[in-house]
Amino acid sequence: MLLTQLEYFVAVAREEHFGRAAAASFVSASALSESIRKLEAELGVPLVRRGRAYQGLTAEGERVLIWARRMIADHRALKDEVEGARDRLGGTVRIGVIPSGVAHGARVLATLCASHPDLRVRLVTGLTSEQVVAGLRSFDLDAGLLHPSAAEDDIRHILVDSDRLVVVGNVGHTDLGGTVTLAELADLDLCVLEPGMRARRILDDVLQEQGVWLRPHVEADSVEALMALARTGEWMSVVPRSAVPRIAAHVGLRVADIIGPVVKIPIALATLGEEPRPPLSLAVDAAARRLAGVDGATDAGLVNPNGGS
């Protein structure tokens, strides 16, 4: 069994297309297909369901995929371990970031690369927290910036910072003052994130504690969409403070802080919790700790930033 066979198999599972997988692997489609057939012959089971095109993995293929990803990640970690032993950590670190974590992720990366100048970075933005966690579990990401959840007992969190939710509207909304109470939110024409997104769940939990229920006019799956909706002047949007330009007034926006209470959303650096820790994971952890000014990891998934447990 060759490592390249496993890499080609993982590429097919990821791309769900033999041609795209071959292009991503810089080989011909025939060479990739033949490599996977040899892997199937060695294992004695079909891994890919074939027809006129890719039709998914077999049940055996799904199980092999888990091990293939792990073996590729272990091989990469082994190479990093050798590099680290020579005091020269190189390679590419892959970090996934939620929209409200981009600024924090940039600072973590600046700290990381200052300590390890030979590292290259692949930054994947615009992900949800769930997509970051899925990327960590599939070994497609080395680390991520997300809103943590206590349910992720296989993920290690370091609390980097916390953001706060604010209301933004077009400057034409002269009735939008400098602050908005939670009770007043219910009377606004609001756009908010979709219910499944973690920042929205945090907001809903705080509202429920205060006996307030929202009936938003628009629900969106991205902070960028909420900002665009606010600029139209038709609605106001609830977004993380970090997403609002510092010169908000110059881009036609008015900003109001949510109070009574302030709604905070934690931003955490997440890595897979398995041992032994890969060198890249340890290096990113160390950068996050230096940025946060802490000596050890904080299990941010168990912290309610708005009070309570």
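The preceding data block contains the structure.
Since the model is a prediction, treat every value here as computed from it, not as a measurement. (Residues numbered from 1 in each chain as written. Predicted model: local features only at pLDDT ≥ 70, side-chain atom pairs only at ≥ 80, totals over all residues. Heavy atoms only, no water.)

Colleague: I'd love a proper account of the overall build of the protein, names of residues and values included.
Modeller: Of regular secondary structure, the protein possesses 10 helices and 12 strands. Burial status across the protein gives 44% buried among its 309 residues. Partitioning the contacts of the protein with sequence separation of at least 6, the portion at a separation of at least 24 is 74%. As presented, the protein carries roughly 15,400 Å² of accessible surface, and 52% of it is formed by carbon and sulfur atoms. (Helix = DSSP H or I, 4+ residues; strand = E, 2+ residues; numbered from the N terminus. Buried < 20%, exposed > 50% of the residue type's maximum accessible area, 1.4 Å probe, protein only. Contact = heavy atoms within 4.5 Å. Areas by Shrake-Rupley, 256 points an atom, 1.4 Å probe, with all protein chains shown as cover.)

Colleague: Describe the packing of aromatic side chains, with residues and values.
Modeller: Under the defined criterion, the tally for this structure stands at 1 aromatic pair. When the centroid spacing of 6.2 Å and the interplanar angle of 70° are considered together, the rings of Phe 18 and Tyr 54 count as edge-to-face. One end of the pair, Phe 18, is in helix α2 (residues 18–25); the other, Tyr 54, is in strand β2 (residues 54–57), and 36 residues separate them in sequence. The pair formed by Phe 18 and Tyr 54 is uniform in burial state, with each residue classed as buried. The ring centre of Trp 67 lies 5.9 Å from the NZ or CZ of Arg 70, which sits over that ring. (Phe/Tyr/Trp six-rings, centres within 6.5 Å; stacked < 30°, edge-to-face > 60°. Lys NZ or Arg CZ within 6 Å of the ring centre and 35° of its normal.)

Colleague: So what's going on with the pairing of strand β10 (residues 236–240)? Which residues, and what values?
Modeller: For β10, the buried fraction is high: 5 of the 5 residues fall into the buried class. Where strand β6 (residues 155–170) and β10 come together, 4 bridges link them in antiparallel fashion. Across the sheet, Val 166 pairs through a bridge with Val 239, a residue of β10. (Pairing = 2+ DSSP bridges.)

Colleague: Lay out the packing of α2 against helix α3 (residues 29–43) in plain terms, naming residues and giving numbers.
Modeller: Where α2 meets α3, the closest approach of the two axes is 8 Å, and the angle between their N-to-C directions is 100°. When the interaxial angle is binned, α2 and α3 end up roughly perpendicular. Of α3, the residues touching α2 (which contributes Phe 18, Ala 21, Ala 22 and Ser 25) are Ala 29, Leu 32 and Ile 36. (Axes fitted to C-alpha atoms, helices over the stretch in contact; angles between N-to-C directions. Parallel < 35°, antiparallel > 145°, perpendicular 65-115°, else oblique.)

Colleague: Account for the packing of helix α1 (residues 3–15) against α3, with residues named and values stated.
Modeller: For the pair α1 and α3, interaxial distance at closest approach is 9 Å and the crossing angle is 110°. One finds that α1 runs roughly perpendicular with respect to α3. The two elements α1 and α3 meet at a crossing, and its hand is left-handed. Counted together, Gln 5, Leu 6, Tyr 8, Phe 9 and Val 12 of α1 and Leu 32, Ser 35, Ile 36, Lys 38, Leu 39 and Glu 42 of α3 form the full contact between these two elements. (Left-handed = near helix turned anticlockwise from the far one by under 90°.)

Colleague: Which residues make up empty space enclosed by the protein, and what are the values?
Modeller: Overall, the coordinates contain 2 cavities of 30 Å³ or more when judged by the stated rule. The space that makes up the largest cavity amounts to roughly 130 Å³. In this structure, the largest cavity is lined by 14 residues; those nearest its centre are Ile 98, Pro 99, His 147, Leu 193 and Met 197. Those elements that place two or more of their residues in the lining of the largest cavity are α6 (129–137) and α8 (198–209). Forming the boundary of the second largest cavity are Leu 165, Val 192, Leu 193, Ala 199, Arg 200, Leu 203, Val 238, Val 239 and Pro 240. Broken down by secondary-structure element, the contributors of at least two residues to the lining of the second largest cavity are β8 (190–193), α8 and β10. (1 Å grid on protein atoms, 1.4 Å probe; cavity = no way out; pocket = protein on both sides within 12 Å on 5 of 7 lines; lining within 4 Å. Points joined across faces, edges and corners; volume = space filled by probe spheres on them.)

Colleague: Provide a residue-level description of the pattern of salt bridges, including the pertinent values.
Modeller: Per the stated rule, a full pass over the model turns up 11 salt bridges. Of the charged contacts in the structure, one is a salt bridge between Glu 15 and Arg 14, with a shortest N-O distance of 3.3 Å. For Arg 14, a relative accessible area of 43% corresponds to the partly exposed category. One salt bridge in this structure joins Glu 40 and Arg 50, with 3.2 Å as the shortest N-O distance. Within this pair, whereas Glu 40 is found in helix α3, its partner Arg 50 is found in strand β1 (residues 48–50), the two being separated by 10 residues in sequence. By relative accessible area, Glu 40 is classed as buried at 9%. For Arg 50, a relative accessible area of 29% gives the class partly exposed. In the salt-bridge network here, residues are joined through shared partners; they are Glu 130, Glu 152, Arg 198 and Arg 201. (Salt bridge = Lys/Arg side-chain N within 4 Å of Asp/Glu carboxyl O.)

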